[in-house]
Amino acid sequence: SEEKTNSSATLDEQIVTLTVDEGLWGTVTFNVTGSDNYHITVRNGNAVIAPIDENSSSYKLLKNKEYNYIVSSDNEAVESETGTVTVTEADTVREISLKTVAGISIKTAAYKTEYYVGDVLDTTGLTLTVTYSDSTTAEITEGFEVTGFDSTAAAASQEITVKFKGSIDDYSVKVREKLFPST
């Protein structure tokens, strides 16, 4: 077999300069109120887009393309906001008003409150009314934490705690012995 050897040819260095068509790009600036300590994440699919500079809430984005964003706070009581943004012909300002949860309450008894030993907690129908610091309200059926349920033994009254964004409410359930336990 023949071996190939490198020739003594040299390559000339070539410098290529590409210019960005600035007309295809625009800037979105997020004006965030409701929290002093927040984080903005802008995504194109799974790729995270960096802000224009480290301390900026402005992002250079391709025009007429939809990007996803999430604005979240370091404060546990502040809800995050998610959405999409598209820069069109002009630069865009997106107003974001993060809401602080002032309290929660369990709406109605449309949830299961009687169980048998060995049952699993069922939160179907459990609806919370969330009250915000601006006095507005919203109803939610998910995204909260439920603790305190134990069906290993019968209990005339067992307190179940519901927590959402640092606010707490509770309700009681009964756990009864099975009338005809399985063997």
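Note that the coordinates shown come from a computational prediction; the quantities given were computed from them, not determined experimentally. (Residues numbered from 1 in each chain as written. Predicted model: local features only at pLDDT ≥ 70, side-chain atom pairs only at ≥ 80, totals over all residues. Heavy atoms only, no water.)

Q: Before we move on, can you summarise the environment of Asn 64 with the specific residues and values?
A: Examined against the element boundaries, Asn 64 turns out to sit in the loop between strand E4 (58-62) and strand E5 (66-73). Residue classification places Asn 64 among the exposed positions, given a relative accessible area of 56%. The spacing of Asn 64 and Val 85 is 21 residues in sequence and 9.4 Å in space, taken between C-alpha atoms. The contacts of Asn 64, once residues within four sequence positions are left out, are Thr 86, Val 87 and Thr 88. (Helix = DSSP H or I, 4+ residues; strand = E, 2+ residues; numbered from the N terminus. Buried < 20%, exposed > 50% of the residue type's maximum accessible area, 1.4 Å probe, protein only. Contact = heavy atoms within 4.5 Å.)

Q: I'd love a proper account of the sheet that holds strand E12 (residues 145-147), names of residues and values included.
A: Whenever strands of a sheet pair, they do so through backbone hydrogen bonds, lying parallel or antiparallel. In space, the four strands of this open sheet follow the order E9-E14-E13-E12, with mixed pairing throughout. Both outer strands of the open sheet, strand E9 (114-116) and E12, are each paired with one neighbouring strand and no more. Strand-to-strand, the axes of this sheet are offset by a mean angle of 35°, without reference to chain direction. Pairing geometry for E12 and strand E13 (residues 155-164), over three bridges, is antiparallel. What sits directly across from Thr 147, in E13, is Thr 161. (Pairing = 2+ DSSP bridges. Axes fitted to C-alpha atoms, helices over the stretch in contact; angles between N-to-C directions.)

Q: Before we move on, could you go through a nonpolar patch on the surface and cite the residues and values that matter?
A: On the surface, Val 20, Leu 24, Trp 25 and Leu 62 cluster together into a nonpolar patch covering about 330 Å² of accessible area. The topology assignment puts Trp 25 in strand E1 (residues 25-33). (Patch = residues over 30% accessible without salt bridge, like charges linked within 9 Å, V, L, I, M, F, W, Y side chains within 5 Å. Areas by Shrake-Rupley, 256 points an atom, 1.4 Å probe, with all protein chains shown as cover. Salt bridge = Lys/Arg side-chain N within 4 Å of Asp/Glu carboxyl O.)

Q: Pulling in residues and values, what's your account of the pairing of E1?
A: Examined bridge by bridge, E1 and E4 share five bridges and lie antiparallel to one another. Counterpart to Trp 25 in the pairing with E4 is Leu 62. Bridging between E1 and strand E7 (residues 92-97) involves six bridges; their strand directions are parallel. By the bridge assignment for E7, Thr 29 is matched with Val 93.

Q: Give a detailed account of the packing of aromatic side chains, specifying residues and quantitative values.
A: Tallied over the full model, the rule gives three aromatic pairs. Members of the aromatic cluster, connected to one another through ring pairs, are Phe 30, Tyr 59 and Tyr 69. Over the ring of Tyr 67 we find Lys 65; its NZ or CZ atom is 5.9 Å from the centre of that ring. Here the guanidinium or amino end of Lys 99 rests over the ring plane of Tyr 132, the centre of that ring lying 4.8 Å away. (Phe/Tyr/Trp six-rings, centres within 6.5 Å; stacked < 30°, edge-to-face > 60°. Lys NZ or Arg CZ within 6 Å of the ring centre and 35° of its normal.)

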